[in-house]
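In case you want the letters, here they are:
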Amino acid sequence: MKKAILVTSFGTSHKDTRKKCLDSIQREVEEKYGSENVERAYTSGIIRRIIEKKEGVHIFDQEEGLKVLKDKGFEEIITMSLHILDGIEYSKLDDKFGKISKPLLADDEDFKKIVENKEFNDLEGDDAIVFMGHGTEIEADYAYQKLQEEYLKAGKSNIFIATVEGEVTIKDIIEKMKGKGFKKILLKPFMIVAGDHAKNDMSSDNEDSWKTMLKNEGYEVTSVLKGMGEYKFIREMFMDKLKEVYI
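Residues numbered from 1 in each chain as written. Predicted model: local features only at pLDDT ≥ 70, side-chain atom pairs only at ≥ 80, totals over all residues. Heavy atoms only, no water.

Taking an unreviewed UniProt entry as the reference, the chain is identified by name as Anaerobic cobalt chelatase belonging to Leptotrichia wadei.

Peer 1: Help me understand the packing of helix α1 (residues 15-33) against helix α10 (residues 232-245), please; the structure alone is not making it clear to me.
Peer 2: α10 packs onto α1 with a crossing angle of 45° between their chain directions and a minimal axis gap of 10 Å. The angle between α1 and α10 falls in the class oblique. Note on packing geometry: the crossing formed by α1 with α10 is right-handed. In this structure, α1 contributes Ser24, Ile25, Glu28, Val29, Lys32 and Tyr33 to the contact, and α10 contributes Arg235, Phe238, Met239, Leu242 and Lys243. Split by residue class, the contact of α1 with α10 holds six nonpolar, one polar and four charged. (Axes fitted to C-alpha atoms, helices over the stretch in contact; angles between N-to-C directions. Helix = DSSP H or I, 4+ residues; strand = E, 2+ residues; numbered from the N terminus. Parallel < 35°, antiparallel > 145°, perpendicular 65-115°, else oblique. Left-handed = near helix turned anticlockwise from the far one by under 90°. Contact = heavy atoms within 4.5 Å. Nonpolar A, V, L, I, M, F, W, Y, C, P; charged D, E, K, R; others polar.)

Peer 1: Sorry if this is basic, but what is going on with the UniProt feature "active site" (unreviewed entry) in the chain here?
Peer 2: The positions that UniProt labels "active site" (unreviewed entry) are, in the present scheme, His134. By relative accessible area, which is 30% here, His134 ends up partly exposed. Sequence-distant contacts of His134, defined by excluding residues within four places in its chain, comprise Tyr144, Thr163, Val164, Glu165, Gly166, Met191 and His197. (UniProt positions renumbered as here; feature names shortened; annotations may be inferred. Buried < 20%, exposed > 50% of the residue type's maximum accessible area, 1.4 Å probe, protein only.)

Peer 1: Is there a simple way to explain the sheet that holds strand β7 (residues 220-223) in this structure?
Peer 2: Within a sheet, each strand pairs with its neighbour through backbone hydrogen bonds, oriented either parallel or antiparallel. Across the sheet, which stays open at both edges, the four strands sit in the order β5-β4-β6-β7 with parallel pairing between neighbours. Here the strands that pair on one side only, and so sit at the sheet edges, are β5 (159-163) and β7. Shown here is a sheet whose adjacent strand axes are inclined to one another by a mean of 25°, direction ignored. The pairing of strand β6 (residues 184-189) with β7 spans four bridges and is parallel. Bridge pairing links Leu186 to Thr222 in β7. Relative to the sheet, helix α6 (residues 142-153) contacts β4 (128-133) and β5, its axis offset from that of β5 by approximately 175°. Along the sheet, helix α7 (residues 170-177) contacts β4, β5 and β6; its crossing angle with β5, the most-contacted strand, is approximately 155°. (Pairing = 2+ DSSP bridges.)

Peer 1: Explain a negative patch on the surface to me, please; I cannot follow it from the model alone.
Peer 2: A surface patch of like charges, here negative, comprises Glu52, Glu63, Glu64, Asp94 and Asp95. Mapped onto the secondary structure, Glu52 falls in helix α2 (residues 45-55). (Patch = residues over 30% accessible without salt bridge, like charges linked within 9 Å, V, L, I, M, F, W, Y side chains within 5 Å. Areas by Shrake-Rupley, 256 points an atom, 1.4 Å probe, with all protein chains shown as cover. Salt bridge = Lys/Arg side-chain N within 4 Å of Asp/Glu carboxyl O. Lys, Arg positive; Asp, Glu negative; His and termini not counted. Charge placed at Lys NZ, Arg CZ, Asp CG, Glu CD.)

Peer 1: Just to check I follow, could you spell out helix α5 (residues 108-116) for this structure?
Peer 2: Three or four residues apart is the spacing at which side chains of an α-helix point the same way, because the helix has 3.6 residues per turn. Those residues of α5 not exposed but buried are Asp110, Phe111, Ile114 and Val115. The buried residues of α5 occupy one face: seen down the axis, they fall within an arc of 130°. Check the buried side of α5 and you find it contacts α6 and α10. (Arc of directions from axis to C-beta.)

Peer 1: Even after reading the chapter, I still don't get the UniProt feature "binding site: Co(2+)" (unreviewed entry) in the chain, so can you show me in this structure?
Peer 2: UniProt records the feature "binding site: Co(2+)" (unreviewed entry) at His134, Glu165 and His197, using the numbering of this structure. These annotated residues cover 64 residues of sequence, and their C-alpha atoms all fall within 10.7 Å of one another, placing them together at a single site. Along the chain, the position of Glu165 falls in the loop between β5 and α7. Taking relative accessible area as the criterion, Glu165 reaches 44% and is therefore assigned partly exposed. If sequence neighbours within four positions are ignored, Glu165 has contacts with His134, Gly135, Thr136 and His197. Positionally, His197 belongs in helix α8 (residues 196-202). Once residues lying within four places of it in the same chain are set aside, the contact partners of His197 are Met132, His134, Val164, Glu165, Met191 and Met202.

Right, here's the structure in full:
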């Protein structure tokens, strides 16, 4: 049976982080399974329209990507998800031509891998890390709180997870950090790419950015614009999840 892979993410209109994160993951998939068997898709219609307008590049949505591969004669098409959790975007994915790989945070072991990775959790001389997650309005948002609990279990009480659109906000984390003696805070995106949210909502000098809010509380703040897709162990996690369904 001829198999193909549709590497599917939310997408980003920021070319720099797209190359470092989404494109690098796709390249690893192509190297292992053959470039002729791989296409990409973004679930965000807004992102696809921005890229088409700015760059003249058409990127498939999942339905288009599946059809293109089906028309090439592939009988089974695996959708490789590059989503962090089983949220709204992940739930859009259709399995009519083949299985869908699990999101990054699906099993207990996934949470442990994140918490235990030294490079990802390197304080870089700071007192605490605040990760910016996207968050979701549905039940899957609990994954961020579960991750926070795993950090606490591991004795890493100076690592915090807040979200842009989830239940736990940066204001909640600021309250949690009060009285802990932290002076230097490292801000990092808990997102596959360091795109619009990381650059504007997290790191900019806008009055409502996380960086500004933390500075207004008296903290010395450093922002790292490094998407999760830049970390080798994250790419390996996604590749392992693809392997699970590519049977």
